[in-house]
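Fold and contact review
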Protein chains: 2
Amino acid sequence: MAPQLDTYYKTVDSLAEDFIERLRKAVAIPSISAEEARRQDVVKMGLFLKGELEALGAHMEARPLGKQPGKEHLELPPAVIGRYPAKKDESKRTILVYGHYDVQPADLSDGWATDPFTLTVDDKGRMYGRGSTDDKGPVLGWVNVIQSHQKAGIEFPVNLLMCFEGMEEYGSEGLDDFIEAECKPGKFFADADAVCISDNYWLGTEKPCLTYGLRGCSYYSIEISGPGQDLHSGVFGGTAQEPMTDLVRVMGSLVDTDGNIQIPGIKELVAPLTKEEESLYKDIAFTMDNLYESLGSQTSIFPDKERTLMGRWRFPSLSLHGVEGAFSQPGAKTVIPAKVIGKFSIRTVPDMQPDDVDALVFKYVKQVFADLKSKNKLNVHLQHSGKWWVASPKHWNFTAAAKAVESVFKVKPDLTREGGSIPVTLTFEQATGKNVLLLPMGSSTDAAHSINEKLDRRNYIEGIKLLGAYLHYVAEEPTEG
Amino acid sequence: MAPQLDTYYKTVDSLAEDFIERLRKAVAIPSISAEEARRQDVVKMGLFLKGELEALGAHMEARPLGKQPGKEHLELPPAVIGRYPAKKDESKRTILVYGHYDVQPADLSDGWATDPFTLTVDDKGRMYGRGSTDDKGPVLGWVNVIQSHQKAGIEFPVNLLMCFEGMEEYGSEGLDDFIEAECKPGKFFADADAVCISDNYWLGTEKPCLTYGLRGCSYYSIEISGPGQDLHSGVFGGTAQEPMTDLVRVMGSLVDTDGNIQIPGIKELVAPLTKEEESLYKDIAFTMDNLYESLGSQTSIFPDKERTLMGRWRFPSLSLHGVEGAFSQPGAKTVIPAKVIGKFSIRTVPDMQPDDVDALVFKYVKQVFADLKSKNKLNVHLQHSGKWWVASPKHWNFTAAAKAVESVFKVKPDLTREGGSIPVTLTFEQATGKNVLLLPMGSSTDAAHSINEKLDRRNYIEGIKLLGAYLHYVAEEPTEG
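Residue numbers here run from 1 along each chain, matching the order of that chain's written sequence. Chains and ligands are labelled sequentially in the order written, the chains with letters from A and the ligands with numbers from 1. Reporting in this predicted model follows two pLDDT cut-offs: at least 70 for local features of residues, and 80 or more for side-chain atom pairs to be given and counted; totals over whole chains, interfaces and linings ignore these cut-offs and use all residues. The side-chain figures draw on all heavy atoms in the structure; neither hydrogens nor water molecules are used.

For chain A, the name recorded in an unreviewed UniProt entry is CNDP dipeptidase, with Dissoconium aciculare CBS 342.82 as its organism.

1. A few points about the relation of the copies chain B and chain A
Here the copies are matched by least squares. The fit uses the C-alpha atoms of residues with pLDDT of at least 70 in both. Least-squares fitting of chain B to chain A yields an RMSD of 0.2 Å, with the superposition described by an axial translation of 0.1 Å and a rotation of 180°. Both copies of the chain, as the preceding transformation shows, are related through a two-fold rotation axis. The C-alpha atom lying nearest the rotation axis in chain B is that of B:V248; the distance is 2.5 Å. In this description, contact between two residues means that some pair of their heavy atoms is separated by no more than 4.5 Å. In this assembly the copies share their binding face: 100% of the residues contributing to the interface of chain B also contribute to that of chain A.

2. Here's the deal with the packing of aromatic side chains
For any pair of aromatic rings, geometry is given as the distance between the ring centres together with the angle between the planes. Pairs were defined over the aromatic rings of Phe, Tyr and Trp, the Trp ring being its six-membered one, requiring ring centres within 6.5 Å. Orientation was assigned from the angle between planes: stacked under 30 degrees, edge-to-face over 60, tilted for the rest. Applying the stated criterion across every chain, the model contains 18 aromatic pairs over all chains. For the pair B:Y220 and B:F344, a centre-to-centre distance of 5.2 Å together with 25° between the ring planes defines the contact as stacked. Of the two residues, B:Y220 is situated in strand β11 (residues 216–225) and B:F344 in strand β15 (residues 339–348); the sequence distance between them amounts to 124 residues. No difference in accessibility class separates B:Y220 from B:F344, as the two residues are buried. Taken together, the aromatic side chains of A:F178, A:F188 and A:F189 make up a single cluster linked through ring pairs. Any Lys NZ or Arg CZ found within 6 Å of a ring centre and within 35 degrees of that ring's normal is scored as a charge over the ring. Above the ring of B:W396, the side-chain terminus of B:R93 is found at 3.8 Å from the ring centroid. One residue, B:K387, lies across the ring of B:W388, its end atom 4.7 Å from the ring centre. Helix and strand assignments come from DSSP, with helices taken as H or I runs of at least 4 residues and strands as E runs of at least 2, each series counted from the N terminus. Burial classification: accessible surface area is computed with a 1.4 Å probe over protein chains only, and a residue below 20% of its type maximum counts as buried, one above 50% as exposed, and the rest as partly exposed.

3. Re the UniProt feature "binding site: Mn(2+) 2" (unreviewed entry) in chain A
All names here are of chain A. UniProt positions are given in the numbering used here, feature names are shortened, and annotations may be inferred rather than shown by experiment. Under the UniProt annotation, "binding site: Mn(2+) 2" (unreviewed entry) lies at H100, D134 and D199. A compact arrangement is adopted by the annotated residues: their sequence extent is 100 residues, whereas the largest C-alpha distance between any two is 8.2 Å. Here D134 lies in helix α4 (residues 132–152). Accessibility expressed as a relative area gives 5% for D134, which makes it buried.

4. Quick notes on the interface of chain B and chain A
Every contact between the two is made by 77 residues of chain B and, on the other side, 77 residues of chain A. Between chain B and chain A, the buried area comes to about 5,700 Å², and carbon and sulfur atoms account for 52% of it. As a working definition, buried area equals the accessible area (1.4 Å probe) given up by two parts on being put together, with both sides summed. Together, B:T239, B:T257 and B:T299 form the three largest contributors to the area buried by chain B at its contact with chain A, with a combined 11%. Any Lys or Arg side-chain nitrogen located within 4 Å of an Asp or Glu carboxyl oxygen qualifies as a salt bridge. One can count zero salt bridges joining chain B with chain A. Polar contact is the term for a pair of N or O atoms within 3.5 Å; when the atoms are in protein, one must be able to donate a hydrogen and the other to accept it, and sequence-neighboring residues count only if both atoms are side-chain atoms. For the pair chain B and chain A, the number of links is 47 residue pairs in polar contact (both at pLDDT 80 or more). Sorting elements by how many residues they give to the side of chain B that touches chain A places strand β13 (residues 317–324) of chain B first, with eight residues. In terms of residue class, the side of chain B that touches chain A is made up of 26 nonpolar, 38 polar and 13 charged. Note on residue classes: Ala, Val, Leu, Ile, Met, Phe, Trp, Tyr, Cys and Pro are nonpolar, Asp, Glu, Lys and Arg are charged, and everything else, Gly too, is polar.

5. Some details on the side chain of B:R215
Relative to the helices and strands, B:R215 resides in the loop between β10 (209–214) and β11. For the buried B:R215, no salt bridge is present, and the opposite-charge side chain at shortest range is A:E242, 7.9 Å distant. Only 3.3 Å separates the side chain of B:R215 from the side chain of B:S317, close enough to count as a polar contact. Residues counted as positive are Lys and Arg, residues counted as negative are Asp and Glu, and His and the chain ends are not counted.

6. Examining the pattern of salt bridges
Residue and element names in this part refer to chain A. In total, this model carries 56 salt bridges over all chains according to the counting rule given. Between E324 and K343 there is a salt bridge, with its nearest N and O atoms 2.8 Å apart. In this pair, E324 is assigned in strand β13 (residues 317–324) and K343 in strand β15 (residues 339–348), connecting sequence segments 19 residues apart. This pair shows no difference in class: E324 is buried, exactly as K343 is. Here D446 and K454 are joined by a salt bridge, their closest N and O atoms 2.9 Å apart. Overall, the relative accessible area of 5% leaves K454 in the buried class. Here the salt bridges do not stand alone but share partners, grouping R83, K88, E90 and D191 into one network.

7. A few points about the sheet that holds β15(B)
Residues and elements named next belong to chain B. The pairing criterion is simple: DSSP has to find at least two bridges between the two strands. Ordered by their spatial adjacency, four strands build an open sheet running β13-β15-β11-β16, and the pairing between neighbours is antiparallel. In this open sheet, the two edge strands, each paired with only one partner strand, are β13 and β16 (377–386). Averaged over neighbouring strand pairs, the angle between their axes works out to 20° when direction is ignored. Relative to β15, β13 runs antiparallel, the two sharing seven bridges. To obtain each axis, a line is fitted to C-alpha atoms, and for helices this fit is confined to the stretch in contact; angles are then taken between N-to-C directions over 0 to 180 degrees.

8. Thoughts on the sheet that holds strand β6 (residues 120–121) of chain A
Neighbouring strands of a sheet are bound in pairs by backbone hydrogen bonds; such pairs are parallel or else antiparallel. All names here are of chain A. Read across the sheet, three strands follow the order β6-β7-β20 without closing on themselves; strand pairing throughout is antiparallel. Of all strands in the sheet, those bounded by a partner on one side alone are β6 and β20 (454–456). Both β6 and strand β7 (residues 126–128) contribute to a ladder of two bridges, which runs antiparallel. Its bridge partner lying in β7, V121 is registered against M127. Helix-sheet contacts for α4 involve β7 and β20, and the interaxial angle to β20 is about 50°.

9. Re the environment of A:E242
Residues and elements named next belong to chain A. You can see E242 is positioned in the loop between α6 (233–236) and α7 (243–251). For E242, a relative accessible area of 5% puts it in the buried group. Distance in space between the C-alpha atoms of E242 and V340 is 9.8 Å, their sequence separation being 98 residues.

10. Remarks on the domain arrangement of chain A
All names here are of chain A. An automatic or database domain assignment is the source of the domain bounds shown. Taken domain by domain, chain A holds domain 1 (5–215 + 388–476) and domain 2 (216–270 + 315–386). Placing the centre of domain 1 and that of domain 2 at their C-alpha centroids yields a distance of 39 Å. In this complex, domain 1 contributes eight residues to the contact, which on the side of domain 2 involves 13 residues. For the pairing of domain 1 and domain 2, the buried interface totals around 670 Å² over both sides, and the portion due to carbon and sulfur atoms is 56%. Our count for the domain 1 to domain 2 interface comes out at zero salt bridges. On inspection of domain 1 and its partner domain 2, the count reaches four residue pairs in polar contact (both at pLDDT 80 or more). A per-class count over the side of domain 1 that touches domain 2 returns three nonpolar, three polar and two charged.

11. Some words on the pairing of strand β5 (residues 94–100) of chain A
Working note: regular strand, side chains alternate between the two faces of the sheet. Residues and elements named next belong to chain A. Most of β5 is tucked away, with seven of its seven residues classed as buried. Residue alternation in β5 divides its side chains into two sets, T94, L96, Y98 and H100 and I95, V97 and G99, and both sets are buried. The sheet contact formed by β5 and strand β8 (residues 159–165) spans seven bridges and is parallel. Bridged to G99 within β8 is F164. Relative to strand β9 (residues 194–197), β5 runs parallel, the two being bridged by four bridges. Of the residues in β9, the one forming a bridge with I95 is A194.

12. Focus on the packing of helix α3 (residues 39–55) of chain A against α4(A)
All names here are of chain A. Between α3 and α4, the shortest axis-to-axis distance is 10 Å and the interhelical angle comes to 20°. Classified by the angle their axes make, α3 and α4 are roughly parallel. When you trace α3 past α4, the crossing you get is left-handed. Only K136, V139, L140, V143 and I146 of α4 make contact with α3, whose side of the interface consists of M45, L49, E52 and L53. Roughly parallel refers to an angle under 35 degrees, roughly antiparallel to one over 145, roughly perpendicular to one between 65 and 115, and oblique to any angle outside these ranges. Crossings are sorted by hand: turned counterclockwise from the far helix by less than a right angle, the near helix makes the crossing left-handed, and turned clockwise it makes it right-handed.

13. What to know about the packing of α4(A) against helix α14 (residues 457–476) of chain A
Residues and elements named next belong to chain A. One way to put it is that α4 packs onto α14 with a least axis distance of 9 Å and a crossing angle of 65°. At the point where α4 passes α14, the crossing takes the right-handed sense. Of the residues in α14, those in contact with G137, P138, L140, G141, W142, N144, V145 and H149 of α4 are Y460, I464, L467, G468, Y470, L471 and H472. Of the residues in the contact of α4 with α14, the class split is nine nonpolar, six polar and no charged.

14. Quick look at the UniProt feature "active site" (unreviewed entry) in chain A
Residues and elements named next belong to chain A. Feature annotation in UniProt places "active site" (unreviewed entry) on D102 and E168, given in this structure's numbering. Look at the named residues: they lie 67 residues apart in sequence, but the longest C-alpha span between them is just 6.7 Å, so in the fold they bunch up. Relative to the helices and strands, D102 is located in the loop between β5 and β6. Leaving out residues up to four positions away in the same chain, D102 has contacts with S31, S33, V42, D134, E165, G166, M167, E168, E169 and Y170. Here S33 takes part through its side chain, which lies 2.6 Å from a polar atom of the side chain of D102. Within the secondary structure, E168 sits in the loop between β8 and α5 (175–182). Excluding residues that lie within four positions of it along the chain, E168 makes contacts with Y98, H100, D102 and D199.

Structure follows, in structure tokens:
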């Protein structure tokens, strides 16, 4: 039986100005986690959020996460966690939601058209302000869902567990351990039946999506060294083997112009593309013009949408990021660098095991270097790796969300993956052992992390309806779904 | 008839402490041309030099060179020029000597063992101080030569023209035009019969050398661009052609590990090695251990001295200096750089014409890039070029210097070239149309431009003898020599 949501939707509409006012108050708090001087504002934002939820009757706690690693004079902002209703209803499913209340740095002088900490709504309903879409709008979305239920007199359909952090834009310091600890039996998040994260974006501007996969990332350094110190190319050019000469040859052997990874064995690790999966891409709301616009050029690898989306989501890619230790300034310097470090990373996908990728990379790089017969020294190593994540979009968590999208937006959502990584997703999946859903509120044009970040009024208000509807469909969706 | 130089040599020895005191005074003036705040000290040093020579009866002038380009509030330090004896003796040859009175930056905190502007002599006669060997020692050498002749009562054997500049360590701003103007008929340097520059170093520590060649340098940029702005490798990796991928492939095509330039046609521009020339290298006082010591490693291209010296002096080399626009810091950044600029230079030798080299480089780079079939854009251009220089070591200017070396050091000098460039050498050759000799005073261990720069007492005092003896042999050497 489909939930009766009309009253809820109307109530959300009636409270729209209040919700925008709530977002205005949140944006006004410059909770920049990367800036030491703003730490008090981050804490203030966390307490504001806690206060708003407590006023609605939620049980809330601000949990200390200790000192900031490497800056031990700084206390990390608290994990703001909570439960609504305050007393668990054992007859209902329990959904754990995650968001973050800190924001990226922003300053009017960076080129913002309006003050980044004053929510400014233009005549097309674009609401400009730092944190509007990333991630204050979605976080307040949950607050607004609760308020709307109370105002409408509708019973809350699930037990809601909340986890809001204040360091997401600075590496989520301290959060992984906290989540793992609180997901253990008897702890705060122990009884979560599924997880919902609203911290990514639609693929375009018109059609909502549900995100069920993220690529992983394995980041490598190739260090080649020879001379004891940097040399003058006039004096030593033609007499010494130069590390930079070797490095560009090794880096040039990793990938070609069309993005084909040249490391033997990598392709074989990738899960085969099934006919069924291949057919999914053609219906995704995405065009090559979308790509060209975001690239700022037409220098795509593929001419078609399907292979472009697969290139971004379901196949690995290898990017060369740069060289440390060589001359990198404008102008002309006649140096022979003594030690150079090439940086590259591989975006990984199912079924690539990070250890297997490492082994293939190390073997190949060492072989290419050995073939150069150089007297220089090679050292190749992994800087860090994070695994890919893929959830089942057939789980009730996803089918409920899909029905909510259809109810609010009158359209089936795109099922998407993303090319980048959101590490906390994997943390929640591993700590809870439950299905994780990425349910974005904002659109692809929101400019998170850039100047003039915004959230469209439509995305915010309809997004509040979506989050609420999702909880209602979650309550009804059969387990075998 | 060989000159009778014993009295002169004994007089130099008798004045040795005075000469060291003069160097001490000069080193105490921190004439750092690169530092704006030291400009007054550079001028002070120029006027000190002028004063010392005027006190010996030379005609001296401090010629203004105008404002410093790009820093128009700064007056360039003057060219200190002079003539000794003040009145020209038409019966004698006229030798134009060049040196510079400015120095490289230096600060005790850089790691100097002693204060860089306090000449500190250790028990092995090593005289430490910024500018001791580069180039205050050699410049004062000419002053000391004049003083020694006066003290010994020996007639000065030539007309000496002097040109001392104060911006050599900062690009010799303003000097080229000045030299060209003053070499014109009727001007200050018009009647020079040959030129002698003492601003380079012995190949080792025991045996003096005369330098008759320098390599040129042509410096190039390869700019490859595609996207409108830097991209995130998670979002765009696998969908966009990456400029850095193309750049390392183009850079990797230029030269191999053993320094072989891969650009077709370059080798064919190089003057053939004759049997006579090839035989000259085996007697040069240089060992592979000398190379390994200065390299700080054993990563040489060649195992033998002869090919190493030829690799440095008489064959071209290609060095890759670095990449501008890519990630160059420590750590891991997942950026796809939108525009990257690879820097490399070719050290050129006879008979490579810079224009021909440019044409071959541009053609090859464009072809390699075209073969990649990339949608990115390539822009390859020359940043700057300076031509190689080779003088005839059979000219009387060189044979006189060789005899002076034998007289002072009881050994035949090595005839050497250098791998780097000293642009003023070519300027003097072209402006005067006369033979130019590089007659170094310091040794290979003097650490010019580094911390703990020094000049050995032996090199300074015997060097003063050498400069004086050179002038005497110049006076006697037959023109057809």
